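A closer look at the structure
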Amino acid sequence: MPLAAGSSVDTAARIVMQKVSQNIGQSIIIENKLGAAGIIGADQVAKSAPDGYTLGGFNDSIITMIPNLNPKLPWDIVKDFESISQVAIIEWGLMVSSSSPYRNVNDLIEAAKKSPGKLNYSSGGNGGPQHIGMAMLAYQAGVNMMHVPYKGATQAAVGAAAGEVDATLQGISTIVPLVQSTKARLIAVCTPQRMAQFPDVPTVAESGIPGFKMNSWFGLMAPAGTPKEIIAFLNREVSKALADPNVKDRLISLGLFPVGSSADEMSSLVRSQLEHYRKVITQAGIKAD
């Protein structure tokens, strides 16, 4: 897991892989290997033996965004990995500290327009999905905001809740504990329609940035060369775990929506989204630094 403990992907992985572990009678250890927005942990997976015992729990930033921002990666997402399954889609929201003067998206955007470059936002690292998502939001709103990278999404969310930055765009599951503890305020969700879990929270699109939507996803990958029968076994077990009612309910309550795709479907998704984010990143002029 090249991402922080408590992040949306980490949370999803622990829920799903705990069930897989129970079903197959095999302990599964989740190791959080942080650094460089996931590049270091992904490199460890790429260079591991292709025997099915070392897997990567990657978000779509590692899979489709970072490759478009960093041409000098030590691995190639298409050539050095085998897709196993797209596990879950992660819905997102815009969060501020509970003491923030910004009560809604319009408040934040108007303040950013009055003081270009003065307002800031946190992310889990340069090129991470929080960075890309907020840069997209600022671009569509026509404002300039300063990016403040942290050493993980969880730390970025905690920093925003503490008022160290003005806002953060995060996976809902990362935000929920901070909102429930009244340390933070969810001012908008990034879904096309309002979420059932937060019926009183408007979407970003209805808050003055028409058409804006943002989510991410979590997929399981193995080193290139992993035998097809091992990939098929792991795919079946992930799908079986995702079909469990308790697993599904826990995921959905946290804004994590189970998928359980085939390996081929995930491979196709990787290729199509690599091209999608190439266009988005180029159009918005997003840089990794």
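Relevant structure appears above.
One structure accompanies this document, and this report is about it. (Residues numbered from 1 in each chain as written. Predicted model: local features only at pLDDT ≥ 70, side-chain atom pairs only at ≥ 80, totals over all residues. Heavy atoms only, no water.)

1. A few points about the pairing of strand β1 (residues 56–59)
A regular strand carries its side chains on alternate faces of the sheet. Residues of β1 alternate between two faces, with G56 and F58 on one and G57 and N59 on the opposite face, all of them buried. Bridge analysis of β1 against strand β7 (residues 215–223) gives 4 bridges, and the strand direction is antiparallel. Residue G57 lies in a different strand from β7, and its bridge partner there is L220. (Buried < 20%, exposed > 50% of the residue type's maximum accessible area, 1.4 Å probe, protein only. Helix = DSSP H or I, 4+ residues; strand = E, 2+ residues; numbered from the N terminus. Pairing = 2+ DSSP bridges.)

2. Some remarks on helix α4 (residues 105–114)
Here α4 has its buried residues at V105, L108, I109, A111 and A112. Burial along α4 is one-sided: seen end-on, the buried residues are contained in an arc of 160°. Buried positions along α4 lie against β2 (81–97), α5 (129–141), β5 (167–171) and β6 (184–189). Capping the start of α4 is the job of one residue whose side-chain oxygen sits 3.2 Å from the backbone nitrogen of N106: N104. (Arc of directions from axis to C-beta. Contact = heavy atoms within 4.5 Å. Polar contact = N/O pair within 3.5 Å; in protein donor to acceptor, adjacent residues only side chain to side chain.)

3. A few points about the side chain of S48
On the secondary structure map, S48 appears in the loop between α2 (39–46) and β1. A relative accessible area of 18% places S48 in the buried class. There is a polar contact of 2.6 Å between the side chain of S48 and the backbone oxygen of Q44. Excluding residues within four positions of it along the chain, S48 makes contact with T54 and P223.

4. A closer look at the packing of aromatic side chains
Under the defined criterion, the tally for this structure stands at 2 aromatic pairs. Seen from their ring centres, F58 and F81 are 5.4 Å apart, and the 85° between their planes marks the pair as edge-to-face. Of this pair, F58 sits in strand β1 while F81 sits in strand β2, and the two are 23 residues apart along the sequence. Across the pair, F81 and F58 agree in class, each one buried. Plain terms: the ring middles of W75 and F81 are 5.7 Å apart, the flat faces sit at 85° to each other, and that makes the pair edge-to-face. On the basis of relative accessible area, W75 is assigned to the buried category, the value being 5%. (Phe/Tyr/Trp six-rings, centres within 6.5 Å; stacked < 30°, edge-to-face > 60°.)

5. Focus: a nonpolar patch on the surface
On the surface, a nonpolar cluster with roughly 210 Å² of combined accessible area is contributed by I24, I28 and F233. Under the relative-accessibility criterion, I28 is labelled partly exposed at 34%. (Patch = residues over 30% accessible without salt bridge, like charges linked within 9 Å, V, L, I, M, F, W, Y side chains within 5 Å. Areas by Shrake-Rupley, 256 points an atom, 1.4 Å probe, with all protein chains shown as cover. Salt bridge = Lys/Arg side-chain N within 4 Å of Asp/Glu carboxyl O.)

6. Points about the pattern of salt bridges
Should their charged atoms come close, side chains of opposite charge can pair. Here the structure, examined in full by the defined rule, presents 5 salt bridges. A salt bridge links K19 to D244; the shortest N-O distance between them is 3.6 Å. One end of the pair, K19, is in helix α1 (residues 8–24); the other, D244, is in the loop between α8 (228–242) and α9 (245–253), with 225 residues separating them in the sequence. Given a relative accessible area of 21%, K19 falls into the partly exposed group. A residue is classified by how much of its surface remains accessible, and D244, at 18% relative accessible area, is buried. One salt bridge in this structure joins E206 and R194, with 3.0 Å as the shortest N-O distance. Here E206, found in the loop between β6 and β7, pairs with R194, found in the loop between β6 and β7; they are 12 residues apart in sequence, far enough to count as distant. When its relative accessible area of 39% is taken as the criterion, R194 is described as partly exposed.

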